[in-house]
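One-letter residues, chain by chain:
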Amino acid sequence: MRRIAVVGAGQAGLQLALGLRPQKAPTEPAESYEVTLYAARRPEEVRAGRILSTQVMFGPALALERAAGLNLWEARTPRMTVIRLAVTEGPYAPAGGIAVPLDAPAQSVDQRVKTAGWLELFEERGGRVVYGTVGPDELPGIAAAHDLTVVATGHGPLAEIFARDGRHSPYDRPQRTLAACYVRGTHGPDGLGGPHGRINPVDGAGEFYVLHGLTLDGPCEMLLWEAVPGGPLDVWGDRPGPGAFVERSLELLRARLPREYELCRGMEATDGGAALTGAVTPVVRHPVARVAPDTYVLGMADAVVLNDPVGGQGANSAARCAARYLREITGHGERPFDRTWMLRTFAAYWEHARHVTAFNNLLLGPPPEHVQRVMSAVAHHPEVAHRYLNGYADPAGFQDWFMDADRADAYLAAVGAARAAGPAAG
């Protein structure tokens, strides 16, 4: 039986650990993997703590959970079938907004709910959990005791064992300060009464998002402020609690997004742990770290590819990484998990993650001229809006048009030509 350690109990680490300890029928052979999961907190501590993110998972990532039998909350979680991009007075579009149906519904489950539930499920399946913080000094011993050690946490000193890859890391500091809160009592714009997501650019100062999701005691709305450091939305340095967060959000909305203010003016925080503030520096790290002579560990998801949440890709990328690593592990047989295998395994994931990183980094900076043209077309042409907003489900598709100026202009020209030819063709 092969021994595998997974250090970190977020979306990626837990999904991988559970994939290595699947639910088996009594007639199936015994499992091939002895899995030890290192988690910082117990399920009850996770549920009693602060929110961890404002994750949104799109159709492809949800399908991975569904296929693995890990969609434990799918029936109770609001299904977001529409994304509304609110277009403000700004450089690339007129006032207004556009609502786009998603090709497949998106969902968001409070990570406190998911993490705690998956930890309990892992233990029910016979997985071993070691609770407590793991530091870099402990990794050599863990790696020596296992055939493979995977590090699945992207924050704190543990992630720093993986060297920064400057080729894919243009930033050396956070590009946004982040502030999130779970609330109830918001309303949808006219025509959007059901669960949906809203994206609100704020004239170069950042973004404001609203998502419908599931928290500890039922459905809720999830707010996220993405504030350009030093700008007018960057007012979260004192880390306000949920009540103060709501009040400050309403002040910002009244001044900056009056339409959203009217929709949110009756909101209240869901619980005492419903607010979170912070910042991340987007970074890509080399995926393999040497922790002792001839001893290596493999990084996954946020540990080696950490993106700002501006593009809504964190949980989606984690799910894809876990699925890819699981496939590579189970397909490797009894051969050693050496450094070459680790590099090859990450390279298979990077084929997707590189597109996510490029897309997120583009969103963080001033929009290039061709992106301004695309966003203007989004406001005026439903087919462009549909392609853009559904592209969040798989940013790899943006490479074919959105990320490249020539391809974007060719696409927009084709859209314009098709619309011009429409009446004549009819």
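So, here is what we can say about the structure in this document. Fair warning: this is a prediction, and the values are worked out from it, not measured in the lab. (Residues numbered from 1 in each chain as written. Predicted model: local features only at pLDDT ≥ 70, side-chain atom pairs only at ≥ 80, totals over all residues. Heavy atoms only, no water.)

### Side note on the overall build of the chain
A tally of helices and strands in the chain yields 12 helices and 16 strands. In terms of overall dimensions, the chain is globule-like: its C-alpha atoms have a radius of gyration of 22 Å, near the 22 Å expected for 426 residues. By principal-axis analysis of the C-alpha atoms, the chain measures approximately 65 × 50 × 45 Å. Taking all 426 residues of the chain together, 54% fall into the buried category. Partitioning the intrachain contacts of the chain with sequence separation of at least 6 by distance along the chain shows that 76% fall at a separation of at least 24. As displayed, the chain has an accessible area near 18000 Å², and 51% of this comes from carbon and sulfur atoms. A distance of 2 Å separates the average location of the 41 positive side-chain charges in the chain from that of its 47 negative side-chain charges. (Helix = DSSP H or I, 4+ residues; strand = E, 2+ residues; numbered from the N terminus. Rg over C-alpha atoms; globule rule 2.2 N^0.38 Å. Buried < 20%, exposed > 50% of the residue type's maximum accessible area, 1.4 Å probe, protein only. Contact = heavy atoms within 4.5 Å. Areas by Shrake-Rupley, 256 points an atom, 1.4 Å probe, with all protein chains shown as cover. Lys, Arg positive; Asp, Glu negative; His and termini not counted. Charge placed at Lys NZ, Arg CZ, Asp CG, Glu CD.)

### What about the side chain of Thr77?
Positionally, Thr77 belongs in the loop between helix H3 (59-67) and strand E3 (80-87). One polar contact links the side chain of Thr77 to the main-chain carbonyl oxygen of Trp73, over a distance of 2.6 Å. Apart from the residues within four sequence positions on either side, Thr77 is in contact with Gln107, Ser108, Val109 and Leu214. (Polar contact = N/O pair within 3.5 Å; in protein donor to acceptor, adjacent residues only side chain to side chain.)

### Section: unusual backbone geometry
Even without being glycine, Asp203 reaches a positive phi, approximately 40°. Inspection of the secondary structure assignment puts Asp203 in the loop between strand E8 (197-201) and strand E9 (206-215). According to the relative accessible area criterion, Asp203 is partly exposed, its value standing at 49%. If you check the backbone angles, Asp294 has positive phi at about 60° while not being a glycine. Counting through the fold element by element, Asp294 comes out in the loop between strand E14 (288-292) and strand E15 (295-299).

### Topic: the pattern of salt bridges
Tallied over the entire structure, the rule returns 18 salt bridges. For Arg3, the salt bridge is made with Asp147, and the minimal N-O distance between the two is 4.0 Å. Of this pair, Arg3 sits in strand E1 (residues 2-7) while Asp147 sits in the loop between helix H5 (139-144) and strand E6 (148-151), and the two are 144 residues apart along the sequence. The exposure class assigned to Arg3 is partly exposed, which follows from its relative accessible area of 35%. Assessed through its relative accessible area of 32%, Asp147 is described here as partly exposed. The salt bridge partner of Asp110 is Arg112, with a shortest N-O separation of 2.8 Å. Here the salt bridges do not stand alone but share partners, grouping Asp110, Arg112 and Asp271 into one network. (Salt bridge = Lys/Arg side-chain N within 4 Å of Asp/Glu carboxyl O.)

### Describing the side chain of Gln11
With respect to the helices and strands, Gln11 occurs in helix H1 (residues 11-20). A polar contact of 3.0 Å, which involves the side chain of Gln11, links it to the side chain of Glu65. Residues within four places of Gln11 in sequence aside, it is in contact with Met57, Glu65, Gln111, Lys114, Trp118, Ala315, Ala318 and Ala319.

### Quick notes on the packing of H3 against helix H8 (residues 314-330)
Direction vectors running N to C along H3 and H8 enclose 45°, while the axes themselves pass 9 Å from each other. The orientation of H3 with respect to H8, classified from their angle, is oblique. Between H3 and H8 the crossing geometry is left-handed. Counted together, Pro60, Ala61 and Leu64 of H3 and Asn316, Ala319, Arg320 and Ala323 of H8 form the full contact between these two elements. Broken down by class, the residue content of the contact of H3 with H8 amounts to 5 nonpolar, 1 polar and 1 charged. (Axes fitted to C-alpha atoms, helices over the stretch in contact; angles between N-to-C directions. Parallel < 35°, antiparallel > 145°, perpendicular 65-115°, else oblique. Left-handed = near helix turned anticlockwise from the far one by under 90°. Nonpolar A, V, L, I, M, F, W, Y, C, P; charged D, E, K, R; others polar.)

### Details of the nonpolar core
Leu16, Leu37, Met300, Tyr325 and Ile329 are the most contacted members of the largest nonpolar core, which totals 59 residues. In contact with Leu16, not counting residues within four places along its chain, are Val6, Val150, Met300, Ala322, Tyr325, Leu326 and Ile329. Counting residues in hydrophobic clusters, the runner-up holds 44 residues, among them Met222, Val371, Tyr388 and Phe402. (Core = buried A, V, L, I, M, F, W, Y, C linked by side-chain atoms within 4.5 Å.)

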